[in-house]
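Chain by chain, the residues:
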Amino acid sequence: MGDYIAKQITRLLREQKDRRRWMAVSLLLALAVGLGTVAVFTKPGEFRTHTVRVLRCPVTETVAHTHNDDCYDEDGALVCALSVRPLHQHTEECYAFERVLVCGGGGRGPHSR
């Protein structure tokens, strides 16, 4: 009879240990899913945008111009309002990087700020 009780106690303790182990694994998985969900929903706009290279060159606002015969009057005086500017080649300093929406929502909806 004592041998039977000892086997039952051993079996119950082993089952209790297994349940604790599975409970710990389940809680860790639930914590990982919860943290992942919070991380995703704290930055909803980040996943709907991407970075694009945009031309932001101040030289493009001016016109490349070389004076011709139309820029002078009969006396040879300059009457052209445009200044002479050489042709500009864009370099990396002429570009900026901006984040733009790709979802097409235009800022409407439950996640817009």
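Higher on the page you've got the structure.
Residues numbered from 1 in each chain as written. Predicted model: local features only at pLDDT ≥ 70, side-chain atom pairs only at ≥ 80, totals over all residues. Heavy atoms only, no water.

S.K.: Please set out the overall build of the protein chain residue by residue, giving values where relevant.
M.R.: A count of helical and extended segments in the protein chain gives 1 helix and 2 strands. Each helix (α) and strand (β) of the protein chain, taken in turn from the N terminus, gives the series α-β-β. By residue count, 7% of the 113 residues in the protein chain fall in the buried class. Considering only contacts within the protein chain whose residues lie at least 6 apart along the sequence, 63% involve residues at least 24 apart. For the protein chain, the exposed area adds up to about 9,800 Å²; of that, 60% sits on carbon and sulfur atoms. (Helix = DSSP H or I, 4+ residues; strand = E, 2+ residues; numbered from the N terminus. Buried < 20%, exposed > 50% of the residue type's maximum accessible area, 1.4 Å probe, protein only. Contact = heavy atoms within 4.5 Å. Areas by Shrake-Rupley, 256 points an atom, 1.4 Å probe, with all protein chains shown as cover.)

S.K.: So what about the pattern of salt bridges? Which residues, and what values?
M.R.: Evaluated as defined, the whole model comprises 2 salt bridges. Between R11 and E15 there is a salt bridge whose closest N-O contact spans 2.9 Å. A residue pair is termed a helical-turn pair when its members lie 3 or 4 positions apart in one helix, as R11 and E15 do in helix 1 (residues 2–42) at 4 residues. R11 sits in the partly exposed class, given a relative accessible area of 32%. In this structure, D18 and R21 form a salt bridge, with 3.9 Å as the shortest nitrogen-oxygen distance. Taken as a pair, D18 and R21 lie in helix 1 at a separation of 3 residues, close to a single helical turn. (Salt bridge = Lys/Arg side-chain N within 4 Å of Asp/Glu carboxyl O.)

S.K.: Before we move on, could you go through the environment of E93 and cite the residues and values that matter?
M.R.: Relative to the helices and strands, E93 is located in the loop between strand 1 (49–55) and strand 2 (95–101). Judged by relative accessible area, E93 falls into the exposed class, the value being 67%. Sequence separation between E93 and C57 is 36 residues, and the spatial gap between their C-alpha atoms is 7.7 Å. In terms of polar contacts, E93 uses its side chain to reach the side chain of T91, at 2.7 Å. (Polar contact = N/O pair within 3.5 Å; in protein donor to acceptor, adjacent residues only side chain to side chain.)

S.K.: Describe the environment of A96, with residues and values.
M.R.: For A96, the position within the fold is in strand 2. On the accessibility criterion, A96 (24% relative accessible area) is partly exposed. As a C-alpha pair, A96 and T51 span 45 residues in sequence and 9.9 Å in three-dimensional space. What A96 contacts, discounting residues up to four positions off in sequence, is V52, R53, V54 and R56.

S.K.: I'd like to hear about a nonpolar patch on the surface, residue by residue, with values.
M.R.: A grouping of M1, Y4, I5, I9 and L13 is seen on the molecular surface, where their side chains present a nonpolar patch of about 590 Å² in accessible area. For Y4, the position within the fold is in helix 1. The exposure class assigned to Y4 is exposed, which follows from its relative accessible area of 53%. (Patch = residues over 30% accessible without salt bridge, like charges linked within 9 Å, V, L, I, M, F, W, Y side chains within 5 Å.)

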